[in-house]
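Reading the structure
Below are the chains, spelled out letter by letter.
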Amino acid sequence: MDSFRSQTRKKRLTPNQLMLLETNFNFDSKLDPGRKSQLALQLGVPPRQVATWYQNRRARDKNQSLEIDHKILQLRLENILSHNAKLQEEVARLKDKLNKVQEMLQTFNSSFSSSSDEVGSTNLIHSSKNHLDMEPYASFIRDAGQFGPTEGDDLFA
DNA sequence: TTGTGTTTTACGACCTC
DNA sequence: GAGGTCGTAAAACACAA
C-alpha cells in the first residue's frame, strides 16, 4: 500500500537512549524546539524521531492514567451498588414492619369499636384509647432510630 | 519454526493557540 | 504555521505450542 512507509525502517532505540529520553520526559513531558535538537544531537537520531518518541510517550502516559481512573471509578461503582442493595433490604424490612403495625391498629380499632357501645363514660374511654394508640407508633419510632447514618454515606467523596 | 498477541515506532488527519 | 492529540499501519519483539 504505502511504499514510502515500507522503505522507512523502524529502528528501536537502545536502552541508553531510552533512559535519556525517559529522564527528560519525567522532567517535562512537552518538548520545546531547543531541547528537541539538543536531545537529537545527544542521541544521534533525527529531531523528528525525538518528537515522535515524545508523542508516543505522552499517549502511553495518558492511557495509563485513564486505566487508573477507570479502576477507581469501578471500585466506587461497586461500593455504591452494595450500599444500594443494603438500603433496599432496609426499605423492605421497614415496609414489612409498617404493615404489621397497621394490621395491629386495625384489629385493635375494630375490637374496640365493637365493645365501646356498652360503656357510658366516653371521656375516660377516649383518653385511654389515645394512650393505647400511641404504643405501636412509639415502638416503631424507637426501632427506626437504630438506623442512623451508615458507613456508605461518603461514597461519592 | 511459526502463529499469535503485545509493544514500539512512524505518520497522516485534524485541532488549537 | 508549529506543535499538539488521535487513530492506525507496520516493524520489532516475546512466547507458547
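Attention in this report is confined to the structure presented alongside it.

Thresholds applied
- Residues numbered from 1 in each chain as written.
- Chains lettered and ligands numbered in written order.
- Predicted model: local features only at pLDDT ≥ 70, side-chain atom pairs only at ≥ 80, totals over all residues.
- Heavy atoms only, no water.
- Helix = DSSP H or I, 4+ residues; strand = E, 2+ residues; numbered from the N terminus.
- Buried < 20%, exposed > 50% of the residue type's maximum accessible area, 1.4 Å probe, protein only.
- Contact = heavy atoms within 4.5 Å.
- Phe/Tyr/Trp six-rings, centres within 6.5 Å; stacked < 30°, edge-to-face > 60°.
- Salt bridge = Lys/Arg side-chain N within 4 Å of Asp/Glu carboxyl O.

1. Notes on the side chain of Asn-24
Tracing the backbone shows Asn-24 in helix 2 (residues 15-27). The exposure class assigned to Asn-24 is buried, which follows from its relative accessible area of 12%. Those residues in contact with Asn-24 that sit more than four places away from it in its chain are Arg-35, Leu-39 and Tyr-54.

2. What to know about the packing of aromatic side chains
Inspection of every chain in the model, using the stated rule, returns three aromatic pairs. Consider the rings of Phe-25 and Trp-53, whose centres lie 6.1 Å apart with planes at 90 degrees: the pair is edge-to-face. Highlighted residues: Phe-25 in helix 2 and Trp-53 in helix 4 (residues 47-115), separated in sequence by 28 residues. For the pair formed by Phe-25 and Trp-53, the shared burial category is buried. For the pair Trp-53 and Tyr-54, a centre-to-centre distance of 5.6 Å together with 70 degrees between the ring planes defines the contact as edge-to-face. Taking relative accessible area as the criterion, Trp-53 reaches 9% and is therefore assigned buried. Here a set of aromatic residues connected by ring pairs shows up, and it is made of Phe-25, Trp-53 and Tyr-54.

3. With respect to the pattern of salt bridges
Side chains bearing opposite charge may pair, as long as their charged atoms lie close to each other. Under the definition given, this model contains five salt bridges. A salt bridge links Asp-32 to Arg-35; the nearest nitrogen and oxygen atoms lie 4.0 Å apart. For Asp-32, a relative accessible area of 39% gives the class partly exposed. Of the residues examined, Arg-35 reaches a relative accessible area of 18% and is grouped as buried. With a closest N to O distance of 3.3 Å, Arg-93 and Glu-90 form a salt bridge. Taken together, the residues Arg-93 and Glu-90, both in helix 4 and three residues apart, mark about one turn of the helix. Three or more residues joined by partner-sharing salt bridges are found here, namely Glu-22, Arg-57 and Asp-61.

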